[in-house]
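Now for the letters of each chain:
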Amino acid sequence: MSAPSPNPSTEGAAPVAAKPSFWRSMRMVAWGFLGVRKRSGYQQDLAQVSPLHVVIAGLIALAVFIGVLLLVVRWAVASGSTGF
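Residues numbered from 1 in each chain as written. Predicted model: local features only at pLDDT ≥ 70, side-chain atom pairs only at ≥ 80, totals over all residues. Heavy atoms only, no water.

Draft legend 1. Focus on the overall build of the protein chain. When its secondary structure is counted, the protein chain shows 3 helices and 0 strands. Ordered by position from N to C terminus, the α and β elements of the protein chain give α-α-α. Per-residue burial for the protein chain yields a buried fraction of 12% across its 84 residues. In the protein chain, once contacts between residues fewer than 6 apart in sequence are set aside, the share between residues at least 24 apart is 78%. Here the protein chain has roughly 7,200 Å² of accessible surface; of this, 70% comes from carbon and sulfur atoms. (Helix = DSSP H or I, 4+ residues; strand = E, 2+ residues; numbered from the N terminus. Buried < 20%, exposed > 50% of the residue type's maximum accessible area, 1.4 Å probe, protein only. Contact = heavy atoms within 4.5 Å. Areas by Shrake-Rupley, 256 points an atom, 1.4 Å probe, with all protein chains shown as cover.)

Here's what the structure looks like:
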């Protein structure tokens, strides 16, 4: 099997930047909530997202986080009221 020959029209061309994606922004915000991210992955995501998408994704993630906290608190209060 031989290696594919490079395309001469794209040889030496700069890599094409990916179109900003809302789902990539959501993934970036999720990693931010966890606080664990490789620097190279962060830099790559940062180059491929729209600031508006990041703000919207952050607001959605904040609303989900607050909703989960409210559910946990309601569950804890309801289970604690039965007594020991």
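Next, the rest of the story.
Draft legend 2. Focus on the packing of aromatic side chains. Under the definition given, this model contains 2 aromatic pairs. Taking the centre distance of 6.0 Å and the plane angle of 55° together, the rings of Phe-33 and Phe-65 count as tilted. Taken together, the residues span a long stretch of sequence, with Phe-33 in helix α1 (residues 22–34) and Phe-65 in helix α3 (residues 51–80) at a distance of 32 residues. (Phe/Tyr/Trp six-rings, centres within 6.5 Å; stacked < 30°, edge-to-face > 60°.)

Draft legend 3. Representation of a nonpolar patch on the surface in the model. Together, Phe-33, Val-55, Leu-59, Leu-62, Phe-65, Ile-66, Leu-69 and Leu-70 make up an exposed nonpolar region whose accessible area comes to about 760 Å². At 7 residues, α3 tops the list of elements feeding residues into the nonpolar patch. (Patch = residues over 30% accessible without salt bridge, like charges linked within 9 Å, V, L, I, M, F, W, Y side chains within 5 Å. Salt bridge = Lys/Arg side-chain N within 4 Å of Asp/Glu carboxyl O.)

Draft legend 4. Molecular detail of the environment of Gly-32. Checked against the element boundaries, Gly-32 lands in helix α1. The exposure class assigned to Gly-32 is exposed, which follows from its relative accessible area of 56%. Taking the C-alpha atoms as reference points, Gly-32 and Tyr-42, separated by 10 residues in sequence, lie 9.5 Å from one another.

Draft legend 5. Inspection of the packing of α1 against α3 at higher detail. Interaxial distance between α1 and α3 falls to 9 Å at its minimum, and their mutual angle equals 55°. The pairing of α1 with α3 is recorded here as oblique in orientation. The element α1 and its partner α3 pack so that their crossing is right-handed. Contacts from Phe-22, Ser-25, Met-26, Met-28, Val-29 and Phe-33 in α1 reach His-53, Val-54, Ile-56, Ala-57, Gly-58, Ile-60, Ala-61, Leu-62 and Phe-65 in α3. Considered class by class, the residues forming the contact of α1 with α3 number 12 nonpolar, 3 polar and no charged. (Axes fitted to C-alpha atoms, helices over the stretch in contact; angles between N-to-C directions. Parallel < 35°, antiparallel > 145°, perpendicular 65-115°, else oblique. Left-handed = near helix turned anticlockwise from the far one by under 90°. Nonpolar A, V, L, I, M, F, W, Y, C, P; charged D, E, K, R; others polar.)

Draft legend 6. Expanded view of the side chain of Gln-48. Mapping Gln-48 onto the fold places it in the loop between α2 (39–47) and α3. Given a relative accessible area of 13%, Gln-48 falls into the buried group.

Note that every value here comes from positions in space, so none of it alone points to a role or purpose.
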